[in-house]
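A closer look at the structure
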Amino acid sequence: MNSGREHSAGQQVYAEPNRPTPGRPLLFDPNVCNGCNLCVTVCPEDVFIPNATKGQPPIILYPEECWYCGVCVDDCNHPGAIRLSHPLQQRARWKRKATGEHFRLR
Amino acid sequence: MSANDRHLWPYPIRYGQTDTHETDVLILGGGIAGVWAAISARRTGARVAIMEKADTRRSGAGGTGVDHWGYAADNPCSTITPEEMTRALVDNHFGYRSGISTYILASSAYETLLELESMGGKVRDTEGEFKGAPFRDDKTKLLFAYDYDSRYCIRVWGANFKPLLHRQCRRLGVELLDRTTATALLTEDGEHGARVVGAMGINCHTGAFVVVRAKAVILSTNRPQRIFTFSSEHRGAAAHRGGSNVGNGYAMAWRIGAEFTLMEKTIRSPFASPYSYPTYGTGNALNTWYPCTIVDANNKEVPWVDCNGLVLATVEERCHPAAGQKFFLMGGGNASQPHPGLKQYAGPKLIPDLEERMRKGEFTPPFYADLTSMPWYERKAIWGLMVGQEGRTRVPIVQTYEASGFDPSKDMLQTYDFLRGQGMREFMMPQERTFGEIGVAGGLVTDWDLMSNIPGLFGAGDLLFGSQDHVNAATTGRYAGARAALYARGAGLGKLGAAQIESEKNRALAPLAEMPDSIDWKELNFGVARVMQNYCAELKNEELLSLAETWLADLEQNEVRKVFAGNPHQLMRALDVMDILTCAQMIVHASKARRASSEVLSFSRLDYPENDPAEWHKYIVIRQDQPGRVHTSGRPLGFWGPYQPNYGPRHAENLAAMQAGPAPAMP
Ligand SMILES: Cc1cc2nc3c(=O)[nH]c(=O)nc-3n(C[C@H](O)[C@H](O)[C@H](O)COP(=O)(O)OP(=O)(O)OC[C@H]3O[C@@H](n4cnc5c(N)ncnc54)[C@H](O)[C@@H]3O)c2cc1C
Ligand code: SF4
Ligand code: SF4
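Residues numbered from 1 in each chain as written. Chains lettered and ligands numbered in written order. Predicted model: local features only at pLDDT ≥ 70, side-chain atom pairs only at ≥ 80, totals over all residues. Heavy atoms only, no water.

What to know about the overall build of chain B
Stated precisely, the cut-off is as follows: Secondary structure follows DSSP: runs of H or I at least 4 residues long count as helices, runs of E at least 2 residues long count as strands, and numbering of each begins at the N terminus. Atoms counted for the radius of gyration: C-alpha only. Globule rule: 2.2 Å times residue count to the power 0.38. For every residue, the accessible area (1.4 Å probe, protein chains only) is compared with the maximum for its type, and the residue is labelled buried under 20%, exposed over 50%, or partly exposed between those bounds. Two residues qualify as a contact provided that any one of their heavy atoms is within 4.5 Å of a heavy atom in the partner residue.
On a plain count of helices and strands, chain B comes out with 16 helices and 26 strands. In terms of overall dimensions, chain B is globule-like: its C-alpha atoms have a radius of gyration of 24 Å, near the 26 Å expected for 667 residues. Across its three principal directions, the C-alpha atoms of chain B cover 70 × 60 × 55 Å. Taking all 667 residues of chain B together, 65% fall into the buried category. Considering only contacts in chain B between residues 6 or more positions apart, those separated by 24 or more positions represent 75%.

Quick look at the structure:
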């Protein structure tokens with residue numbers, strides 16, 4: 001399986017600080033998002049900044065400030081360009097009454 | 001790219017530069033109260049500007065919606081009068097709820113909703129989706145919630161109300177100063193306690209300093225949050241009323257001598273917990289989820305009882321008053337009130353001894369909200385209308401859960417009651433309290449013009465003392481806008497104090513200087529919250545409160561100057577926490593001044609243990625009579641006087657004045 005990230009001995013590794021948790025309140029689909037930055041404009045917490053590369057999805061600069069209000073998703077005119085991803089510790093559970101099966105928010 | 005990659009700041013940096021504006025009515029905070037104030041002030045013909053920290057289109061606690069338009073006693077189907085509604089709400093808080101804002105709310109909620117409808121807001125079931133439901137009035141097509149007999153609470157499709165109000169502001173020519181955080185008020189010639197003549201702020205993208213001269217100023221910046229709890233990594237999720245609402249308006253007004261009351265009221269509530277699930281995103285039977293059936297792990301239904309303790313056999317009965325009761329206030333119990341309220345207004349709720357009976361083995365956790373067994377109209381009203389139009393639910397709950405396969409006709413959403421939670425939220429730690437996140441809280445004292453003791457300074461929304469919620473914000477905003485515009489007609493532009501402007505500019509830009517021992521804004525917020533948890537939480541006495549004072553003053557002297565901001569966004573957050581510190585100090589002052597315990601205020605003094613003694617059953621009012629000196633006084637309950645004689649003439653004058661300006665634009 002391709003994990004998306006290559007690794008090999010001797011590769012260049014950066015000394016990075018830990019990332020804030022949760023790091024990804026929103027997920028962009030770069031194939032749908034056209035970088036119009038409407039979500040950047042309307043976000044009540046000023047979580048994003050525009051991408052320096054025109055046409056690319058915005059940067060989530062302050063993920064830990066996200067209020068999970070969904071405004072960026074709601075106001076985006078390109079369905080599927082952006083979706084909300086709740087923190088793992090905050091994903092609700094439910095049960096199907098007829099079968100007793102248990103599910104959780106994905 | 002991730003947040004950890006280094007990016008160039010995308011906006012032009014304008015540190016040190018000043019932008020100046022001039023207007024008649026300046027509104028600080030373009031949330032629900034702010035946009036309504038702007039619209040009504042503009043309708044009188046006044047020039048209006050809004051200074052908004054975020055972006056007015058969606059900002060504030062109500063930016064993503066409202067589902068229940070509460071306490072609309074003026075609607076044609078209501079069986080109770082505004083006077084009865086107000087008396088019930090004030091009495092249910094044992095007098096500690098503002099009669100001024102509550103009467104404005106109960107008398108003009110429907111009138112305000114009609115204005116929203118004229119802007120394109122959906123307030124009735126025009127498509128007949130709920131035909132046949134017992135909560136639908138077929139003549140008006142209005143849908144009601146909670147008490148289906150008294151019909152004072154209207155269910156609305158409010159998820160897009162804020163964008164509609166924003167559009168109306170733009171159409172009417174309101175000047176929008178977005179992404180500008182207000183930091184201080186301007187007073188005549190810079191004098192403490194003198195008439196307010198404008199405000200100052202910082203642009204959160206460019207760092208420019210902003211000065212606005214105005215004839216009247218309306219504060220509508222909501223309340224302080226993060227006073228007792230803070231989470232650096234789930235900060236946003238933990239701020240129930242949104243990250244922008246930190247009490248800047250309280251701090252600003254306090255600094256110039258405005259009066260505040262009820263500031264000592266803090267309640268034990270999990271509404272600020274970063275360990276909670278999304279609000280309204282777990283099963284429960286309160287508020288937005290009322291009157292949902294709750295079942296245990298074996299599908300056994302938890303019984304409901306009325307205010308007399310009588311077990312209710314059907315779902316239908318949960319929505320009607322008990323025998324001998326004219327109407328009930330919110331059913332399901334109240335998650336945002338520290339006490340159960342008066343029996344005469346109590347609504348149906350789950351059996352109060354559920355926990356005991358669970359421990360005896362009668363019920364097995366976990367519990368679930370069983371929408372599947374509800375009548376179709378209740379299921380559809382809860383999931384889709386209420387959960388969906390309620391703030392932070394359309395995308396975060398309905399769309400996201402359904403994308404994961406949740407189906408309200410088949411699935412039962414788990415509750416967290418008795419696991420760790422309570423109602424719909426979870427506590428983080430034992431000392432966890434909130435000041436402003438939820439409930440009727442302390443705030444600005446005003447007269448019937450909604451003007452404070454400082455001439456020219458008005459208030460609206462959650463920031464008013466003893467007030468809460470969306471419709472309160474809409475109605476008081478609308479009323480304050482007209483009052484402020486009328487005041488502005490008779491007031492010229494005041495004289496600015498050059499020294500006041502210079503010193504604020506220096507204060508507001510100070511965090512931009514990095515020092516060897518710099519800290520960030522989050523560190524200071526943790527520091528404040530810790531002092532409040534330790535010295536001003538569940539148990540209070542003179543010694544603890546004096547220590548709270550000492551340690552907050554210590555933070556003010558030693559840590560505030562160290563807070564570093566690397567860009568204008570961080571500068572806004574840094575200034576926020578400084579105001580959170582000021583608000584914490586106001587809470588401690590008020591707590592020292594109340595030398596009695598009070599059950600109804602959730603206020604416990606070990607050195608004055610008697611609860612609610614008659615001589616202390618009053619409002620404590622605090623203000624700074626000169627910079628740094630706190631003055632305390634008392635006001636009797638009901639100090640606002642009679643309702644209609646105060647409200648009626650002003651309301652008529654407001655409506656007449658609102659005919660004078662530009663016609664309200666139709667969609
Ligand atoms: C999830 C959720 C659901 C809710 N659902 C309902 C409901 O269904 N019914 C109901 O009645 N109530 C509901 N409420 C409560 C309701 O939203 C609030 O009571 C209401 O929005 C308060 O209005 P406001 O104008 O006082 O404050 P807000 O609407 O919060 O507006 C305050 C504004 O001030 C701005 N601001 C803050 N500081 C500054 C500053 N220094 N300078 C400039 N601007 C500043 C903020 O960005 C914000 O835009 C809900 C609240 C939440 C959080
Ligand atoms: S997510 Fe949507 S709103 Fe945001 S930049 Fe992409 S297309 Fe525009
Ligand atoms: S969910 Fe809300 S707070 Fe979070 S990024 Fe989107 S708009 Fe901003």
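Next comes the rest of the write-up.
Some thoughts on the overall build of chain A
Our working rule: The Shrake-Rupley method, run with a 1.4 Å probe sphere, supplies the accessible areas, and residue values consider only the shown protein chains as cover.
Along the backbone of chain A there are 2 helices and 6 strands. Helices (α) and strands (β) of chain A occur, in sequence order from the N terminus, as β-α-β-β-α-β-β-β. At 17 Å, chain A has a C-alpha radius of gyration far larger than the 13 Å of a compact globule built from 106 residues. Dimensions of chain A, computed from the C-alpha atoms along their principal axes, are close to 50 × 40 × 25 Å. When each of the 106 residues of chain A is scored for burial, the buried share is 44%. For chain A, restricting intrachain contacts to residue pairs at least 6 apart in sequence, the fraction spanning at least 24 positions comes to 44%. For chain A, the exposed area adds up to about 6100 Å²; of that, 50% sits on carbon and sulfur atoms.

Here's the deal with the interface of chain B and chain A
To keep it simple, the criterion reads: For any pair of parts, buried area is found by adding up, for both, the accessible area (1.4 Å probe) each one loses once the two are put together. Put simply, a salt bridge is a Lys or Arg side-chain nitrogen that is within 4 Å of an Asp or Glu carboxyl oxygen. For this classification, the nonpolar set comprises Ala, Val, Leu, Ile, Met, Phe, Trp, Tyr, Cys and Pro, the charged set comprises Asp, Glu, Lys and Arg, and every other residue, Gly included, is treated as polar. Only when DSSP finds a minimum of two bridges between them are two strands counted as paired.
On the chain A side, the residues contacting the 66 residues of chain B number 50 residues. Between chain B and chain A, roughly 4800 Å² of surface is buried when both sides are summed, and carbon and sulfur atoms account for 51% of that area. Applying the counting rule to chain B against chain A returns 10 salt bridges. With a closest N to O distance of 2.7 Å, Asp75 of chain A and Arg58 of chain B form a salt bridge. Taken together, the elements giving at least two residues each to the side of chain B that touches chain A come down to α5 (235–238), α10 (394–403), β19 (411–414), α13 (521–535) and α15 (568–593) of chain B. Counting residues per element, the side of chain B that touches chain A draws most heavily on α10 of chain B, at 6 residues. Taken together, the residues of the side of chain B that touches chain A sort by class into 24 nonpolar, 27 polar and 15 charged. Inspection of the sheet shows strand β5 (residues 93–96) of chain A paired to β19 of chain B by 3 bridges, in the antiparallel sense. By the bridge assignment for β19 of chain B, Arg96 of chain A is matched with Asp411 of chain B.

Some thoughts on helix α4 (residues 161–172) of chain B
Residues and elements named next belong to chain B. Counted only if it meets this: Expected span, for any helix, means 1.5 Å times one less than how many residues it has.
Over its 12 residues, α4 runs 17 Å from end to end, which matches the ideal 16 Å to within 8%, given 1.5 Å per residue. Counting buried positions along α4 gives 9 out of 12 residues, so the element sits mostly inside the fold. Inspection of α4 places Phe161, Lys162, Pro163, Leu164, Leu165, His166, Gln168, Cys169 and Leu172 among the buried residues, and these make up the whole buried set. The first or second residue beyond α4 is Gly173, which carries a positive phi of 85°.

Description of the site of ligand 1
Residue and element names in this part refer to chain B. Stated formally: When at least one non-hydrogen atom of a residue lies within 4 Å of a molecule or strand, that residue is treated as near it. In protein, a polar contact means a hydrogen-donor-capable atom and an acceptor-capable atom, both N or O and within 3.5 Å, with residues adjacent in sequence counting only if both atoms are side-chain atoms; elsewhere, any N or O pair within 3.5 Å suffices.
Around ligand 1 sit 36 residues in total, of which Ala33, Glu52, Ala61, Asp67 and Glu390 are the nearest. Within the contact set of ligand 1, an oxygen atom lies 3.5 Å away from a backbone nitrogen or oxygen of Gly31. Measuring from an oxygen atom of ligand 1, one finds a backbone N or O atom of Ile32 at 3.1 Å. Calculation on ligand 1 without its partners gives an accessible area of 990 Å², and the protein chains cover 99% of this total. Within the residue set of the shell around ligand 1, elements represented by two or more residues are α1 (32–43), β8 (180–187) and α11 (470–489).

Describing the pattern of salt bridges
In total, this model carries 52 salt bridges over all chains according to the counting rule given. Arg19 of chain A is the salt-bridge partner of Glu16 of chain A, the closest N and O atoms lying 2.7 Å from each other. The exposure class assigned to Glu16 of chain A is partly exposed, which follows from its relative accessible area of 44%. Residues joined by salt bridges that share partners form a network here, namely Glu45 and Glu65 of chain A together with Lys53, Arg573 and Asp576 of chain B.

Overview of the packing of aromatic side chains
Residue and element names in this part refer to chain B. How we decide: Each Phe, Tyr or Trp ring (for Trp, its six-membered ring) is paired with any other whose centre lies within 6.5 Å, and the angle between the two planes then decides the class: stacked below 30 degrees, edge-to-face above 60, tilted in between. Only Lys NZ and Arg CZ are tested; either one counts as a charge over a ring when it is within 6 Å of the ring centre and within 35 degrees of the ring normal.
Tallied over the entire structure, the rule returns 36 aromatic pairs over all chains. Look at Trp448 and Tyr643: their rings are 6.4 Å apart centre to centre, the planes differ by 75°, and that puts the pair in the edge-to-face class. Here the residue Trp448 occupies a position in the loop between β23 (443–444) and β24 (457–459), and Tyr643 occupies one in the loop between β26 (629–636) and α16 (644–658), the gap between them amounting to 195 residues. Here Trp448 and Tyr643 have matching classes, each one buried. Geometry around Phe135 places Arg155 over its ring, the cationic atom sitting 4.2 Å from the centre.

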